[in-house]
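Observations on chain architecture
What follows is the residue order along each chain.
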Amino acid sequence: MNKRLLPPLAYAYDALEPYIDAQTMELHHTKHHQTYIDKLNAVLEKYPEIADEPVEELLAELDTLKVEETDRLAIRNHGGGHANHLLFWEIMGPNKVIDQKLVNDINAKFGSTEEFKKQFTDLATKLFGSGWVWLARNRGDGLELYTTANQDSPWLKGHTPLIGLDVWEHAHYLKYQNRRAEYIENWWQVLKLI
Ligand code: MN
């Protein structure tokens with residue numbers, strides 16, 4: 001089995017300043033994300049027949065994987081953590097790279113990007129505990145906006161996540177402490193897609 005490695009970011013840790021600080025980015029990437037990968041590697045060592053599958057496929061097929069139940073939960077948590085953070089780093093950046101198809105789809109579904117941001121922000125602000133807010137594409141090619149707890153991924157229900165916001169405290173606490181609303185508001189400045 002090939003152990004999964006932490007991919008480097010496409011930008012520097014300080015590239016999202018002042019909205020997300022360099023220390024938070026470095027810790028989040030090299031400690032939090034790395035830990036999800038390490039724990040996923042550890043559980044998959046027991047299952048060489050599935051160890052090299054893309055993490056998104058492991059999550060989409062989670063219910064039918066032939067693994068022990070405690071390991072199924074570990075794959076859900078740490079595989080989810082790995083997949084979620086891969087997307088999170090990818091959709092952020094110092095420069096806007098607008099995805100016009102996504103913008104068009106958002107406008108068709110929500111009326112405007114402003115209305116979409118408003119609904120997304122509202123979910124993020126009200127989310128209780130640790131989790132994520134998602135815009136995902138469902139199996140019928142429709143957009144859905146929802147939250148998940150912990151590291152649960154849209155891939156668990158066969159959805160393709162398009163935009164995800166990490167609202168765990170580790171994503172913002174060093175800079176924003178309890179000011180989650182301010183973190184969410186500023187995060188839109190580093191989302192490069194819309
Ligand atoms: Mn995180």
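Residues numbered from 1 in each chain as written. Predicted model: local features only at pLDDT ≥ 70, side-chain atom pairs only at ≥ 80, totals over all residues. Heavy atoms only, no water.

Time to look at the coordination of the manganese ion. Coordination of the manganese ion by the protein involves H28 (NE2), H85 (NE2), D166 (OD) and H170 (NE2), with metal-donor separations of 1.9 to 2.1 Å. Counting along the primary sequence, the residues that act as donors to the manganese ion give the motif H-x56-H-x80-D-x3-H. With relative accessibility at 0%, the residue D166 sits in the buried group. (Donors = N, O, S within 2.8 Å, 3.2 Å for Na, K, Ca; no water. Buried < 20%, exposed > 50% of the residue type's maximum accessible area, 1.4 Å probe, protein only.)

Let us now look at the pattern of salt bridges. Counted according to the given criterion, the structure contains 10 salt bridges. For E45, the salt bridge is made with K3, and the minimal N-O distance between the two is 2.6 Å. Taken together, the residues E45 in the loop between α1 (22–44) and α2 (55–60) and K3 in the segment before α1 connect sequence positions 42 residues apart. Put simply, R76 and D152 hold a salt bridge, and the shortest N to O gap is 2.8 Å. With R76 in helix α3 (residues 69–91) and D152 in the loop between β2 (143–149) and β3 (160–166), this residue pair connects regions lying 76 residues apart in the sequence. Given the relative accessible area of 33%, R76 is considered partly exposed. (Salt bridge = Lys/Arg side-chain N within 4 Å of Asp/Glu carboxyl O. Helix = DSSP H or I, 4+ residues; strand = E, 2+ residues; numbered from the N terminus.)

The positions that UniProt labels "binding site: Mn(2+)" (unreviewed entry) are, in the present scheme, H28, H85, D166 and H170. In terms of the greatest pairwise C-alpha distance, the residues named above, spread along 143 residues, form a tight cluster of at most 12.4 Å across. Mapped onto the secondary structure, D166 falls in strand β3. Excluding anything up to four places from it in sequence, D166 contacts H28, H85, F88, G131, W132, A171 and Y183. Only 3.1 Å separates the side chain of D166 from the side chain of H85, close enough to count as a polar contact. Positionally, H170 belongs in the loop between β3 and α6 (173–176). (UniProt positions renumbered as here; feature names shortened; annotations may be inferred. Contact = heavy atoms within 4.5 Å. Polar contact = N/O pair within 3.5 Å; in protein donor to acceptor, adjacent residues only side chain to side chain.)

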